[in-house]
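Listed below are the residues making up each chain.
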Amino acid sequence: MNPKYESLKAILKSYGTVAVAYSGGVDSTLLLKAAADALGEHCVAITAAIEAVPKRELQRAKQFAADLGVRHILLQPDVLSLKEFRANPPDRCYHCKKLLFSGLLEAAKEAGMAVVAEGSNLDDEGDYRPGMRAIQELKVASPLRAAGLTKTEIREISRELSLPTWDLPSCACLASRFAYGDTITSEGLRKVDAAEEYLHDLGCKQIRVRIHGNLARIEAEEHDLPFLLERRLEIDQKLKSLGFAYAALDLKGYRTGSMNEVLQ
């Protein structure tokens, strides 16, 4: 087994007990697997089931935790009650993470867990991620980073362990689909989740639907662009039925953090 995975397990074992902030994505799934391997019943998974989490991702998280036999705690914090979240400033993620991880710390304490661990990796240090500030302030552990694991290495180890997420596309909070300064609403979150679910079902593995007012800007991988153009009338009709006035295809295609481009 990869020596970095052994290092990750050793780090987790040193905690004694751990609550894993579990989203069901590539990083947190490997982290939960490692915690279960290292600590057995002395670990739990905690998931914040908020409106900004895609339904598909939440169901995947529930299924994997059940398959692994790990106790799974679901929290339902009301992020839309937080004005700093709704207003969607560039540091929105900081305010959201502060709320979520404060709740996770309380739940972990009630469950008898000494440490809360989250799944950021070494590559996350190079992007604009204001949420990391909240994680540091609350003293949440980041064992994947401590073990020196990159995203590529996490996928490689996940494949070796036959984890179902090893080739899973990146999946971020639905709030990241809104242009900074545009108000985040429950209706908007449902619209973008439904639009992306529809495009996934058409066969697009990696997709984003970014919201700019009443316009939906679709980001897809380059090899999917011709397919989407062929189905453009059908897609336009579907997105209009979901409440968008316009649907546009981004010619640059899919990329992470595209909403941050206006901050540079």
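To be clear, the structure that these remarks concern was listed above.
Reading the values: the criteria
Residues numbered from 1 in each chain as written. Predicted model: local features only at pLDDT ≥ 70, side-chain atom pairs only at ≥ 80, totals over all residues. Heavy atoms only, no water. Helix = DSSP H or I, 4+ residues; strand = E, 2+ residues; numbered from the N terminus. Contact = heavy atoms within 4.5 Å. Core = buried A, V, L, I, M, F, W, Y, C linked by side-chain atoms within 4.5 Å. Buried < 20%, exposed > 50% of the residue type's maximum accessible area, 1.4 Å probe, protein only. Salt bridge = Lys/Arg side-chain N within 4 Å of Asp/Glu carboxyl O.

(A) Local environment of the environment of Thr185. Within the secondary structure, Thr185 sits in the loop between helix 8 (151-160) and helix 9 (186-202). Taking C-alpha positions, Thr185 is 38 Å from Glu41, a pair spaced 144 residues apart along the chain. Beyond its immediate stretch of four places on either side in the chain, Thr185 contacts Leu80 and Phe178.

(B) Geometry of the nonpolar core. Among the nonpolar cores identified, the biggest contains 46 residues, and Ile46, Phe85, Leu199, Ile218, Leu228 and Leu239 are the most heavily contacted of them. It is helix 5 (residues 92-110) that provides the largest number of residues to this core, a total of six residues. In terms of nonpolar packing, the next biggest core, distinct from the first, is built from 32 residues, Ile11, Ala38, Cys43 and Ala141 among them.

(C) Seen up close, the pattern of salt bridges. Considering all chains together, one arrives at 19 salt bridges under this definition. The salt bridge partner of Glu6 is Lys9, with a shortest N-O separation of 3.5 Å. On the criterion of helical spacing, the pair formed by Glu6 and Lys9 is a turn pair, its members being three residues apart in helix 1 (residues 3-15). Its relative accessible area of 37% is what places Glu6 among the partly exposed residues. For the salt bridge of Arg217 with Glu219, the shortest nitrogen-to-oxygen distance reads 2.7 Å. Accessibility expressed as a relative area gives 13% for Arg217, which makes it buried. Glu219 gets classed as buried once you look at its relative accessible area, which sits at 0%. Because the salt bridges share partners, they merge into one network encompassing Arg210, Arg217, Glu219, Asp250 and Arg255.

(D) Fine view of unusual backbone geometry. For Asn88, which is not glycine, the phi dihedral falls at a positive 60°. What makes Asn88 buried here is its relative accessible area of 0%. Even without a glycine there, the phi angle at Lys139 is positive, about 60°. Classification of Lys139 by relative accessible area gives exposed; the value is 71%.

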